[in-house]
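# Summary of structural features
Listed below, chain by chain, are the residues.
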Amino acid sequence: MNTVILRTVAPPITALMLVFSVFVLLRGHNEPGGGFIGGLIAASALAIYGIAHGVAAVRLAIRFHPMAIAGFGLLLATLSGFVSIFAGVPFMTGLWIYPSLFGVEVPLATVISFDIGVYFVVVGAIAGIALTLEGREED
Amino acid sequence: MADQTALTLLCLFLPVLAALLAPMAIGRFGAAGSWLLALAPAFSFVHFLTLLPQIADGAAITGGYAWVPSLNLSFSWFLDGLSLTFALLITGIGTLIVLYSGGYMKGHPQQGRFLCFILLFMGAMLGLVVSDSFLMLFVYWELTSITSFLLIGFDHEREAARRAALQALVVTGLGGLSLLAGLIFLWNMTGVTQLSLLVNVDDMLRESPFYLTALLLLLGGAFTKSAQFPFHFWLPNAMEAPTPVSAYLHSATMVKAGVYLLMRLNPVMGETPAWEILLPFFGGVTLIAGTVLAIRQTDLKLMLAYTTMASLGLLVMLTGFGAPHAVEAAALYLVAHSLFKGALFMVAGLIDHECGSRDVAQLGGLRKAMPITFGAALAAALSMGGLPLFFGFLAKEEIYYALAHGDLRSILFLVVAVGGNALMFAVAFAVALKPFLGPKVETPKHAHEGPFLMWFGPALLAALGLFAGIFSAVAHRFVSTPMASAVAGQPTVVDISTVPHIGMPLLLSIVTIVLGLLVYLQIDRARALAVRLLEAIGSGPDRGFDHAVAGLVRLSVAVTRIVQPGRLEIYLTVSFILLALTLLVPPIVYGELPDMPSWPSDVLFHEWAFVILALLGLFAVLRASDRLTAIVSLGIQGFAVAVIFLLFGAADLSFTQFMVETLSVVILALVMTRLRLSPTDHRPLGQLLFDAAIAIACGIGFTLFLLKATQGPFNDYLTQFFNTYSKVVAHGANVVNVIIVDFRGTDTLGEISVVLITGLAVLALIRVKAKPRADAVPAAVEEGAKS
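Residues numbered from 1 in each chain as written. Chains lettered and ligands numbered in written order. Predicted model: local features only at pLDDT ≥ 70, side-chain atom pairs only at ≥ 80, totals over all residues.

### Section: the overall build of chain B
Of regular secondary structure, chain B possesses 32 helices and two strands. On C-alpha atoms alone, chain B measures out to a radius of gyration of 35 Å, which is more than a quarter above the 28 Å that the 2.2 N^0.38 rule sets for 787 residues. With respect to the principal axes defined by its C-alpha atoms, chain B has extents near 115 × 60 × 60 Å. Burial statistics for chain B: of 787 residues in total, 45% are counted as buried. (Helix = DSSP H or I, 4+ residues; strand = E, 2+ residues; numbered from the N terminus. Rg over C-alpha atoms; globule rule 2.2 N^0.38 Å. Buried ≥ 20, exposed ≤ 12 C-beta atoms within 10 Å, placed from the backbone.)

Right, dumping it as structure tokens:
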């Protein structure tokens, strides 16, 4: 599978897919998409890059261990749930704020950070599995 | 009052706080750190002492804090004569034990850890006796079992210590479960979850049809904890623990938890035929068995351990006897026993520490070398033997006073009590006199008086036994009377004094002493007799425990072999057969098969195209010559289905389906290369047909299930709900995503945790190096079974 064509197109495709995955993640609240799908897209992007350029290149590119990324995601999601404690409402209640950035009102919510957490868990876990399976040179 | 409540709470947690500091204190100050640590229990002791006048006037102090108000759970305590006496014993003797451990374990590399465990236990035991709520009582009960496990197994490098620790944990832990069940019964029978409210239920428990069940369950907890026959065997084995543990846990406090429970329940569950048969019977048997076993031993600690067992039997017998004064006798004896037995254990440890041996046959003539120890031992033994002036004498007088009635039952138990007491008298003096009198015997270490830290504790306890006897009026006013009243459930006055009253009890005391002296003088012959008797009986429950554990291991190995054969094919086959059966059997049995669907007429051309594409994919899977092709072909089918989802408006679902299909093909292909399977399928025809049959059955099952599900009337309540509220409440237009991250966010949190754990498990599995032998796993299990 390690052809010249794949190796040439893999970096731009990976980059595109990663950007797309963030797009899908962020639009998920109102349009089809969300953290789970975004995470799957990003994981496939990493898998493609791994197939083309080897596992070591991917591990270098993402800097952190995939499981650390997944763990961070779970932490973020859990903390998003706990924010509601400070507002005196039950666990996991969505809370919204509307700060104004450069004159544009940006809605931010604990559900968004929760969804980002989901995204990271999925990316980390799936990429972790895929990379370990790909990384045959390690054993 | 608020101050007092907060102070009591602090006192309950002080030992635990000190436990956390113990390793640091010992590390910084060495053995002298024990002085610092002893301040914690000493402070608690003084606090409880200040509560004594209130309790002595008949008040009961309750206090606490709401814990989980919605479940009606509270962290609350209940101090009356019974629990306060226990609290004083625990903190008072505890203070001395901490000091004693400072000397006994001096220079031990793990002294900090040891004191940490001791103080943790103290916190647990204190919690147990002051607990008001049932659940809190249970939690503390289990905590004492766990800390006891840690302490018995302190010398974890010795196998005997490990076995003893595990045995104690198993026996008392099982008892703890029984206790929990019993407490739940009590709660259901009365609707009360607090001990302080239990006294108001009158005869509700006794008249309940579940009385006997609840009683047996509670006795299961009490008897295992207090080492009653036939659960006594863990107690002597627990002597593997360092001596301070034996003195504190296994004589003065923890083993009395069962007796405490029985005394606590006596006002509401006592005075029934079952209570008055079971308790005296098992108590009496334990008393006799304990003394006979004690006579046989020559090890100081084991002799004391078996007499502790005997004393516990005596306490249980008295608690359940039901005659007037029996409860008073139990209260007196419990306090007296804690004082003299704690002291004697510490003396045994002291002798062991200074002479290097605790075998009575190898000890003698120590009175010159260790005069203070000798004095403490003698005073404690006199109290244990029940000689006048000592507190033990009062207890024994009261026992005989309670038992000396004319009827057959009283006479029977009187004989048991006199016999048991006489043998205990003999053992007491064998422990306290034999090592000190007679000619000097060479000991492994040069014998000399122990350090102050070590003789201070036993000397003080022994002296207390004397003063409590002489100033009995004070002791009765503040300790015995309130405690006996709490156990009896009505105001009771204890007024026995050291002035001998001519009468039956005194006569029986004299008989006991004479008998005891006779046995002491002929102790070698008595020992030989006991050995012969026990040999005639054969193996005891200790051996039975080993057999039970080994049997359990064998059983679980056998079950594991059947349930977990270790071949993926078998797991998959079983899973899918069960799936097919679950889907097919109920609809057929209950006649719930779906109606035949009508042939759809309005299917559009491009919809047909994708259905055909899916079928082509399946066909390709079946026709594929190698596995990789089959996997990729399966992807064709998956994509076609995803497109169909899209056509019917389920954008999110279809989106996910695409990604899942892609990734599963990639991962499956990667797994294939990992496993280094042969590229083609080599199953024989029979196997192939069998597997195909399972697959087709599953497929039919799912089809029928889906048809049935869609044929039912569609309830659009949820659709309405989410469409209405998604935008308004959760500010999102994509209902699917809003459900995932908001309405049912906690579910998602659980799901992503599963994803993460799956990832970790896969990583761990891949990294496992293949074992050199194929049968490595069963062999490891077998080794586990043998050890």
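### What about the overall build of chain A?
The secondary structure content of chain A amounts to five helices and four strands. Mapped in sequence order, the helices and strands of chain A form the string α-α-α-α-β-β-β-β-α. Dimensions of chain A along its principal axes, counting C-alpha atoms only, are 55 × 35 × 25 Å. Per-residue burial over chain A gives 45% buried out of 139 residues. Restricting to contacts in chain A with at least 6 residues of sequence separation, those with at least 24 account for 69%. (Contact = placed C-beta atoms within 7 Å.)

### Here we look at the nonpolar core
Membership of the largest hydrophobic core comes to 207 residues, with the highest contact counts inside it found for B:Ile118, B:Leu318, B:Ala330, B:Tyr333, B:Leu344, B:Ala380 and B:Val431. It is helix α15 (residues 326–355) of chain B that provides the largest number of residues to this core, a total of 21 residues. Ignoring sequence-local partners within four residues, the contact set of B:Leu318 consists of B:Ala326, B:Ala329, B:Ala330, B:Tyr333, B:Ile399 and B:Ala402. Counting residues in hydrophobic clusters, the runner-up holds 59 residues, among them A:Phe120, B:Met659, B:Val666 and B:Ile740. (Core = buried A, V, L, I, M, F, W, Y, C linked by C-beta atoms within 7 Å.)

### Digging into the packing of helix α14 (residues 300–321) of chain B against helix α18 (residues 408–432) of chain B
All names here are of chain B. Their axes nearest at 10 Å, the elements α14 and α18 cross at an angle of 155°. By the criterion of interaxial angle, the relationship of α14 to α18 is roughly antiparallel. The two elements α14 and α18 cross, and the hand of that crossing is left-handed. Contact residues: α14 offers Leu300, Met303, Leu304, Thr307, Ala310, Leu314, Met317 and Phe321, while α18 offers Phe413, Ala417, Gly420, Met424, Val427, Ala430 and Val431. For the contact of α14 with α18, the residue count by class is 13 nonpolar, two polar and no charged. (Axes fitted to C-alpha atoms, helices over the stretch in contact; angles between N-to-C directions. Parallel < 35°, antiparallel > 145°, perpendicular 65-115°, else oblique. Left-handed = near helix turned anticlockwise from the far one by under 90°. Nonpolar A, V, L, I, M, F, W, Y, C, P; charged D, E, K, R; others polar.)

### Observations regarding the interface of chain A and chain B
Contacts between the two partners involve 40 residues from chain A, matched on the other side by 37 residues from chain B. Those elements that place two or more of their residues in the side of chain A that touches chain B are α2 (35–53), α4 (66–86) and α5 (110–134) of chain A. If you tally residues by element for the side of chain A that touches chain B, the top one is α5(A), at 15 residues.

### Things to note about helix α17 (residues 391–403) of chain B
If you check α17(B), its first and last C-alpha atoms are 19 Å apart, about what 13 residues at 1.5 Å a residue would give, namely 18 Å. For α17(B), the buried fraction is high: 13 of the 13 residues fall into the buried class. (Expected span 1.5 Å × (residues − 1).)

### Here's the deal with helix α31 (residues 745–767) of chain B
Under the 1.5 Å per step criterion, the end-to-end length of α31(B) is 33 Å for 23 residues, consistent within 8% with the ideal 33 Å. When α31(B) is considered as a whole, its buried residues turn out to be B:Gly745, B:Thr748, B:Leu749, B:Ile752, B:Val755, B:Leu756 and B:Gly759. Of the surrounding secondary structure, the elements contacted by the buried residues of α31(B) are α4 and α5 of chain A together with α30 (735–743) of chain B.

### Brief notes about unusual backbone geometry
All names here are of chain B. In this structure, Pro230 follows Phe229 across a cis peptide bond, with omega equal to 5°. Relative to the helices and strands, Pro230 is located in the loop between α9 (211–225) and α10 (234–237). The backbone of Glu271 shows a phi angle near 60°, a positive value even though the residue is not glycine. Inspection of the secondary structure assignment puts Glu271 in the loop between α12 (257–269) and α13 (273–296). For Glu271, a count of 14 C-beta atoms within 10 Å corresponds to the partly exposed category.

### Side note on the pairing of strand β1 (residues 61–68) of chain B
Residues and elements named next belong to chain B. The pairing of β1 with strand β2 (residues 73–79) spans seven bridges and is classified as antiparallel. Within β2, the residue paired with Thr62 across the bridge is Phe78. Here β1 folds back onto β2 in antiparallel fashion, the turn holding four residues, of which Asn72 has a positive phi close to 60°. (Pairing = 2+ DSSP bridges.)

### Details of the packing of helix α25 (residues 605–623) of chain B against helix α26 (residues 627–647) of chain B
Axes are the key here: two packed helices are described by the angle between their axes and the distance separating the axes. Residues and elements named next belong to chain B. At a minimum axis distance of 7 Å, the contact between α25 and α26 shows a crossing angle of 160°. When the axes of α25 and α26 are compared, the pair comes out roughly antiparallel. Where α25 crosses over α26, the two elements pack in a sense that is left-handed. When α25 is examined against α26, the residues Glu607, Phe610, Leu613, Ala614, Leu616, Gly617, Leu618, Ala620 and Val621 are found in contact with a partner set consisting of Ala630, Ser633, Leu634, Ile636, Gln637, Ala640, Val641, Val643, Ile644 and Leu647. Residue composition of the contact of α25 with α26, by class: 15 nonpolar, three polar and one charged.

### Details of the confidence of the model for chain B
Residue and element names in this part refer to chain B. Residues with a pLDDT of 70 or more make up 97% of chain B, whose mean pLDDT is 86. For residues 773–787, every residue scores under 50 in pLDDT, and the model assigns this stretch eight contacts once sequence neighbours within four places are set aside. Here the predicted complex carries an ipTM of 0.91, next to a pTM of 0.73. (pLDDT = per-residue confidence, 0-100.)

### Structural notes on the confidence of the model for chain A
For chain A, per-residue confidence averages 87 on the pLDDT scale, and residues scoring 70 or more make up 96% of the total. Within chain A, no element has a lower average pLDDT than strand β2 (residues 100–101) of chain A, which sits at 79, and none a higher one than helix α1 (residues 4–27) of chain A, at 92.

### Focus: the environment of A:His29
By the element assignment, A:His29 lies in the loop between α1 and α2. For A:His29, a count of 23 C-beta atoms within 10 Å translates into the label buried. Distance from A:His29 to A:Pro90, taken between C-alpha atoms, is 21 Å for residues 61 residues apart in sequence. When residues no more than four places from it in sequence are discounted, the contact partners of A:His29 are B:Gly732, B:Asn734, B:Asn737 and B:Val738.

### Side note on the environment of B:Ile766
Looking at where B:Ile766 falls in the secondary structure, it is placed in helix α31. Along the sequence, B:Ile766 and B:Arg674 sit 92 residues apart, while their C-alpha atoms lie 9.0 Å from each other. With residues up to four places along the chain from it excluded, the contact list for B:Ile766 reads A:Thr132 and A:Leu133.

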